[in-house]
Amino acid sequence: ENQGSVADELALIERARTSVDRGQAKAALGVLKTHRRQFPKGAFLEEAAALRASALCKSGRTEAAAKASAAFLRRYPKSVHASRVRACGE
């Protein structure tokens, strides 16, 4: 079952990243929810998880952000995104 191409997945990740960078956390979380639904085993799960933690952090949802950050760091301790996620969780 084809759920879309890697290019489609990357486009969603880019949209989420742009939203996070612009401080549009709610928009980013919406895009990431779509990503999770369309690409449950996608190529960019690590990036999506990092963006989700950052978006939760920027939205002021500190408890959810702390949980997402901790889960991310457990799953991807050596990630290139770890420092960004860690900065949010502190």
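In this text, all values refer to a predicted model and were calculated from it rather than measured experimentally.

Okay, the confidence of the model for the protein next. A residue-level look at the protein finds 94% of positions with pLDDT of 70 or above and a mean pLDDT of 92. Ranking the elements of the protein by mean pLDDT puts helix α5 (residues 82-89) last with 85 and helix α2 (residues 25-38) first with 97.

Here we take up the side chain of serine 19. Inspection of the secondary structure assignment puts serine 19 in helix α1 (residues 6-21). For serine 19, a relative accessible area of 9% corresponds to the buried category. If we skip the residues at most four places from it in the chain, serine 19 touches Gln24, Ala25, Ala27 and Ala28.

So, on to the layout of surface pockets. Of the volumes computed, that of the largest pocket is approximately 330 Å³. In this structure, the largest pocket is lined by 14 residues; those nearest its centre are Arg36, Leu45, Ala48, Ala49 and Arg52. Listed by contribution, the elements that provide at least two residues to the lining of the largest pocket are α2, α3 (45-58) and α4 (62-75). Each residue belonging to the lining of the largest pocket can be placed in one class, and the counts come to ten nonpolar, one polar and three charged.

Applying the stated criterion across every chain yields a total of two salt bridges. The partner of arginine 17 in a salt bridge is glutamate 14, with the nearest N and O atoms 2.8 Å apart. In this pair, arginine 17 and glutamate 14 both sit in helix α1, three residues apart, roughly one turn of the helix. Classification of arginine 17 by relative accessible area gives partly exposed; the value is 24%. On the basis of relative accessible area, glutamate 14 is assigned to the partly exposed category, the value being 34%. One salt bridge in this structure joins glutamate 47 and arginine 17, with 2.5 Å as the shortest N-O distance. Here glutamate 47, found in helix α3, pairs with arginine 17, found in helix α1; they are 30 residues apart in sequence, far enough to count as distant. When salt bridges that share partners are traced, they join Glu14, Arg17 and Glu47 into one network.

Cut-offs applied
- Residues numbered from 1 in each chain as written.
- Predicted model: local features only at pLDDT ≥ 70, side-chain atom pairs only at ≥ 80, totals over all residues.
- Heavy atoms only, no water.
- pLDDT = per-residue confidence, 0-100.
- Helix = DSSP H or I, 4+ residues; strand = E, 2+ residues; numbered from the N terminus.
- Buried < 20%, exposed > 50% of the residue type's maximum accessible area, 1.4 Å probe, protein only.
- Contact = heavy atoms within 4.5 Å.
- 1 Å grid on protein atoms, 1.4 Å probe; cavity = no way out; pocket = protein on both sides within 12 Å on 5 of 7 lines; lining within 4 Å.
- Points joined across faces, edges and corners; volume = space filled by probe spheres on them.
- Nonpolar A, V, L, I, M, F, W, Y, C, P; charged D, E, K, R; others polar.
- Salt bridge = Lys/Arg side-chain N within 4 Å of Asp/Glu carboxyl O.

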